[in-house]
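Take a look at the letters that make up each chain.
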Amino acid sequence: MSEVVLEAIVLGSETRGEYDRLVHAYTRELGRVEARVVSGRKIRSRLFPHLMPGSRIFLRLAHKHQYTVTDALTEELVLFEAESPYFHIRFPRILALVRALTPPYFPDPRFWHALLSVMQTKNTDISFMLRLLGYDMSHARCGLCEEKNLFAFSLSDHAFTCSFCSSRFQESDLVFLN
Ligand SMILES: [Zn+2]
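Criteria and thresholds
Residues numbered from 1 in each chain as written. Predicted model: local features only at pLDDT ≥ 70, side-chain atom pairs only at ≥ 80, totals over all residues. Helix = DSSP H or I, 4+ residues; strand = E, 2+ residues; numbered from the N terminus. Rg over C-alpha atoms; globule rule 2.2 N^0.38 Å. Buried ≥ 20, exposed ≤ 12 C-beta atoms within 10 Å, placed from the backbone. Contact = placed C-beta atoms within 7 Å. Pairing = 2+ DSSP bridges. Axes fitted to C-alpha atoms, helices over the stretch in contact; angles between N-to-C directions. Expected span 1.5 Å × (residues − 1). Arc of directions from axis to C-beta. Domains from an automatic or database assignment.

Visitor: Report on the overall build of the protein, specifying residues and quantitative values.
Guide: The number of helices and strands found in the protein is five helices and eight strands. The helix and strand sequence of the protein, counted from the amino end, reads β-β-β-α-β-β-α-α-α-α-β-β-β. In terms of overall dimensions, the protein is globule-like: its C-alpha atoms have a radius of gyration of 17 Å, near the 16 Å expected for 178 residues. If one aligns the C-alpha atoms of the protein with their principal axes, the spans along those axes are about 50 × 35 × 30 Å. Of all 178 residues assigned to the protein, the portion counted as buried reaches 24%. Considering only contacts within the protein whose residues lie at least 6 apart along the sequence, 48% involve residues at least 24 apart.

If you want it as structure tokens, here you go:
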């Protein structure tokens, strides 16, 4: 079993099975990674405070068939340290876009640095992040009706939608553009 320690930005996590959790993070060396946090109350109480979405952390991962988190240490709690409520609403949308639109295990140092700079400057410009990820809004149209006036971006369809067509998507699937 090999272990690596990586600097990472936590994108989010979800339950996996009855007790485990799957953490999504973006790293310079591996790109977006998905790593398991095994069950066990002691492990969880030690690791979970460091795995908050929007944190910049040091992540120790063991690899055997898949990645497992063996340790985590917070370097910076960007989301929770920011004071503006506006930032608290918009920054999770940035994280959701990164999680949905970056391929797993595909390192992109330029994107890593861009993401760090977005976090440092607290830049919550959704169209800027979409452009970084390869979706330029300036000439885009609604993926369903071709309307020019865009309202949201669908995480599952990787397509823009107008306000009328957005009702055909679940709200959790949409990142609002304004
Ligand atoms: Zn439409």
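Visitor: So what about the sheet that holds strand 3 (residues 31-37)? Which residues, and what values?
Guide: One closed barrel holds the five strands; their spatial order is 1-2-3-5-4, and the pairing between them is mixed. Between one strand and the next, the sheet's axes are offset by a mean angle of 50°, whatever the strand orientation. As paired elements, strand 4 (residues 55-64) and strand 5 (residues 66-77) share 10 bridges and run antiparallel to each other. In the sheet register, alanine 62 faces strand 5, and the bridge partner there is threonine 68.

Visitor: Which residues make up helix 3 (residues 85-101), and what values go with them?
Guide: For helix 3, built from 17 residues, the straight-helix expectation of 24 Å at 1.5 Å per residue is met to within 8% by its first-to-last C-alpha distance of 25 Å. Residues Phe91, Ile94, Leu95, Leu97 and Val98 constitute the buried set of helix 3. The arc that holds every buried residue of helix 3, seen down its axis, measures 155°, which confines them to one face. Away from its buried face by more than 90 degrees, helix 3 exposes Pro85 and Ile89.

Visitor: Tell me about the domain arrangement of the protein, and name the residues and values.
Guide: By a frequent convention, interface size equals the accessible area lost on bringing the separate parts together. When its domains are assigned, the protein resolves into domain 1 (2-78) and domain 2 (81-176). A straight line from the C-alpha centre of domain 1 to that of domain 2 covers 23 Å. Every contact between the two is made by 17 residues of domain 1 and, on the other side, 18 residues of domain 2. Where the side of domain 1 that touches domain 2 is concerned, the elements lending two or more residues are strand 1 (2-16), strand 2 (20-27) and strand 3. Counting residues per element, the side of domain 1 that touches domain 2 draws most heavily on strand 3, which supplies four residues.

Visitor: For the sheet that holds strand 7 (residues 159-161), give the residues involved together with the corresponding values.
Guide: Reading across the sheet, the three strands line up as 7-6-8 and stay open at both edges, with antiparallel pairing between neighbours. Each edge of the open sheet is held by one strand with a lone partner, namely strand 7 and strand 8 (174-176). Averaged over neighbouring strand pairs, the angle between their axes works out to 30° when direction is ignored.

Visitor: Describe the pairing of strand 4, listing the residues and the values that go with them.
Guide: In this structure, strand 1 lies alongside strand 4, joined through eight bridges in antiparallel fashion. For glutamate 3, the partnering residue across the bridge sits in strand 4 and is alanine 62. Hairpin geometry of strand 4 and strand 5 is characterised by an intervening segment of one residue between the two adjacent antiparallel strands and by a positive phi of about 70° at histidine 65.

Visitor: I'd like a description of the environment of threonine 161, backed by residues and values.
Guide: Take threonine 161: it is sitting in strand 7. Separated by 13 residues in the primary sequence, threonine 161 and leucine 174 place their C-alpha atoms 9.0 Å from one another.

Visitor: Residue-level account of the pairing of strand 2, with values.
Guide: In the sheet, strand 1 pairs with strand 2 via eight bridges, with the strands oriented antiparallel. Pairing of glutamate 14 across the sheet is with leucine 22, part of strand 2. Relative to strand 3, strand 2 runs antiparallel, the two being bridged by seven bridges. Of the residues in strand 3, the one forming a bridge with leucine 22 is arginine 36. The loop that links strand 2 with its antiparallel partner strand 3 comprises three residues.

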